[in-house]
Structure formats: C-alpha cells, structure tokens
Amino acid sequence: ALVGSGGILALSMYFVHGLNWKTTAALVGTVAAVALALLIGDLFLHLGHVTTFGDEASTYVAIGDPRVALQGLVLAGVVIGALGALVDVTIGQASTVEELAHLGPQLDAPELYLRAMRVGLDHIGSLVNTLVLAYLSSALPLLLLLKLEAATWQATLNTELIAAEMVHTLVGSVTLVLAVPATTLVAALLFRGDRRHDPHGGHGHVHAHVHG
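The shown structure was predicted, so the numbers you read here are calculated from the model rather than taken from an experiment. (Residues numbered from 1 in each chain as written. Predicted model: local features only at pLDDT ≥ 70, side-chain atom pairs only at ≥ 80, totals over all residues. Heavy atoms only, no water.)

Novice: Is there a simple way to explain the overall build of the chain in this structure?
Specialist: In terms of helices and strands, the chain carries 8 helices and 0 strands. A total of 212 residues make up the chain; the buried ones form 40% of that total. A fraction of 74% describes how many contacts in the chain between residues 6 or more apart in sequence connect residues 24 or more apart. By element, 69% of the accessible surface of the chain is carried by carbon and sulfur atoms, the whole surface being about 11400 Å². (Helix = DSSP H or I, 4+ residues; strand = E, 2+ residues; numbered from the N terminus. Buried < 20%, exposed > 50% of the residue type's maximum accessible area, 1.4 Å probe, protein only. Contact = heavy atoms within 4.5 Å. Areas by Shrake-Rupley, 256 points an atom, 1.4 Å probe, with all protein chains shown as cover.)

Novice: Help me understand the pattern of salt bridges, please; the structure alone is not making it clear to me.
Specialist: Pairing between side chains of opposite charge can happen when their charged atoms approach one another. For the coordinates displayed, the defined rule picks out 1 salt bridge. Of the charged contacts, one joins Arg115 and Glu111 as a salt bridge, the two residues approaching to 2.8 Å between their closest N and O atoms. Of this pair, Arg115 and Glu111 both sit in helix H5 (residues 109-138), 4 residues apart, roughly one helical turn. Here Glu111 falls in the partly exposed class, since its relative accessible area comes to 27%. (Salt bridge = Lys/Arg side-chain N within 4 Å of Asp/Glu carboxyl O.)

Novice: Can you help me understand H5 in this one?
Specialist: Three or four residues apart is the spacing at which side chains of an α-helix point the same way, because the helix has 3.6 residues per turn. For H5, which comprises 30 residues, the first-to-last C-alpha distance of 41 Å matches the rise-based estimate of 44 Å (1.5 Å per residue) to within 8%. Along H5, the sharpest kink reaches roughly 35 degrees, centred on Arg118. Taken together, the buried positions of H5 are Ala109, Leu112, Ala116, Met117, Gly120, Ile124, Leu127, Val128, Leu131 and Tyr135. Packed against the buried residues of H5 are helix H4 (70-103) and helix H8 (160-191). The residue sitting at the N-terminus of H5 and contributing the capping side-chain oxygen is Asp108; that oxygen lies 3.1 Å from the backbone nitrogen of Glu111. (Expected span 1.5 Å × (residues − 1). Bend = angle between axes of the 7 residues up to and from the residue. Polar contact = N/O pair within 3.5 Å; in protein donor to acceptor, adjacent residues only side chain to side chain.)

Novice: What am I meant to see in the nonpolar core here?
Specialist: Among soluble globular proteins, nonpolar side chains are generally buried collectively. If you look at the biggest cluster of nonpolar residues, it comprises 45 residues, and the most contacted ones within it are Met13, Val97, Val171 and Leu176. Element by element, the count of residues in this core is highest for H4, at 13 residues. In this structure Leu176 touches Ala85, Leu86, Val89, Ile124, Leu127, Val128 and Leu131, once residues within four positions along its chain are discounted. (Core = buried A, V, L, I, M, F, W, Y, C linked by side-chain atoms within 4.5 Å.)

Novice: Explanation requested: the environment of Pro105 in the structure shown.
Specialist: Here Pro105 is to be found in the loop between H4 and H5. Exposure remark for Pro105: the relative accessible area of 30% places this residue in the partly exposed category. When the C-alpha positions of Pro105 and Arg192 are compared, they lie 7.1 Å apart, and in sequence the two are 87 residues distant.

Novice: Even after reading the chapter, I still don't get the packing of H4 against H8, so can you show me in this structure?
Specialist: H8 packs onto H4 with a crossing angle of 30 degrees between their chain directions and a minimal axis gap of 8 Å. Between H4 and H8, the interaxial angle falls into the category roughly parallel. In this structure, the crossing between H4 and H8 has a hand that is right-handed. In terms of residue class, the contact of H4 with H8 is made up of 18 nonpolar, 7 polar and 1 charged. (Axes fitted to C-alpha atoms, helices over the stretch in contact; angles between N-to-C directions. Parallel < 35°, antiparallel > 145°, perpendicular 65-115°, else oblique. Left-handed = near helix turned anticlockwise from the far one by under 90°. Nonpolar A, V, L, I, M, F, W, Y, C, P; charged D, E, K, R; others polar.)

Novice: What is the right way to look at a nonpolar patch on the surface in this model?
Specialist: Together, Leu133, Leu136, Leu140 and Leu143 make up a nonpolar patch on the protein surface, roughly 370 Å² of accessible area in all. Of all elements in the fold, only H5 and helix H6 (140-149) reach the threshold of two or more residues within the nonpolar patch. When you line up the elements, Leu143 lands in helix H6. The class for Leu143 is partly exposed, based on a relative accessible area of 33%. (Patch = residues over 30% accessible without salt bridge, like charges linked within 9 Å, V, L, I, M, F, W, Y side chains within 5 Å.)

Novice: How should the packing of helix H2 (residues 21-47) against H8 be read in this particular structure?
Specialist: How two helices pack is summed up by the angle between their axes together with the distance between the axes. Two elements in contact, H2 and H8, have axes whose closest approach is 7 Å; the angle formed by their N-to-C orientations is 145 degrees. H8 is crossed by H2, and the crossing has right-handed handedness. Split by residue class, the contact of H2 with H8 holds 22 nonpolar, 5 polar and 1 charged.

Novice: Even after reading the chapter, I still don't get the side chain of Thr23, so can you show me in this structure?
Specialist: In this fold, Thr23 is placed in helix H2. Excluding its chain neighbours within four sequence positions, the residues that come into contact with Thr23 are Met13, Tyr14, His17, Gly18 and Ile91.

Spelled out as structure tokens, the structure:
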C-alpha cells in the first residue's frame, strides 16, 4: 500500500503541479503521513478485531484465494481512498508556506511553520468533515438497516460493518491530521528565507533565491 500510494502520488502530483520544490514538499509530507497512518490503521484493525468478513466481496476473495490478507486489503483501500483529499491539503499547505516565505524572506523555519499551521488547522477541520460525511453517505443503507433492527447502540457499534466503517473514518482522518504538520515542516525547511520560491507558479521550473 505504501509503495503503491507513493507511486500514484509521485506520478499524479508531478504531472499536475509540475516538477518543483512545492510539489516535492507536498509529496514528502503526504508519504510520511501515509506511512504513519498505515501503522495506526493496522493497530486499529487488530484492536477492533475487524475481520472484514461482514463484506460479501471480501468473503468471495477469501474463498478464491486464502492467501490474501483481508485486513491489509481493507487498510490499503482506506489509504488509497484518502489520497485525493491528502493531495488537496498538502499542496495547499506547501503553497501557503512558499508564499509566506516570499512575502517575508526574513522568516526562519519555526516562524514559517507556526504561521502556516494557522491556515492548516482550518484545512484539517474542513477535510475531516468532508471525509466523515462521505463515509456516512455511502453507509446510509447500512445505517437505515440497523435502525430498522432496533438494536442497542452497544450492539450496533460492535457489528462488523460498523467497526470497519469506524476504522475507515479514523484512519482517513488521522492521515489528514498528520499530513498537514508533516508537509508544513518540510516546506518550512525548504522555503525558509525565500530560498526556493518559484515565480512561475509551479510549472516545472526550479529557482534558487538566497537573500542576505
């Protein structure tokens, strides 16, 4: 999942945003967040005893090839599903740091990080809300079915399908939360003192400006 996500990100981000330091900062921050999220997601799956056999497709996969690790397959799907939102927030953060460094070339890396994170906190809140609502919308038939069964909330939370959706939401949200500070830190180190500002707006041209 990590290698596949890294490959997808590198191809898509450099193709869309150009070969420049802004994209590189966003890519490094995103891959670092994905790596940490995979570890945390694996822990969530084991703590929640999620087997993924509540999904009909997973059952057929297990019958067709018992060697497939279903928990790993679920985790990979969660991470890949969050990549689009991750790219949005990390590119936005890298651009914020680049512009702050260009407007204030006297700012050092810690100051750049603190100022950009004020914007990043808003990004985190907005995207986590988007992610949760997206998962809820896809699970509406399941939620309605559980309501019709009139089960207690304890029993509902312990069903396989609900547990899997909770892991989806947690892993996706954690990945977004980790990606923002990771990208901001990398970008602050790269752009401090306006060292690598790209006046062409990220069209593949890399320039080095050293002030002072």
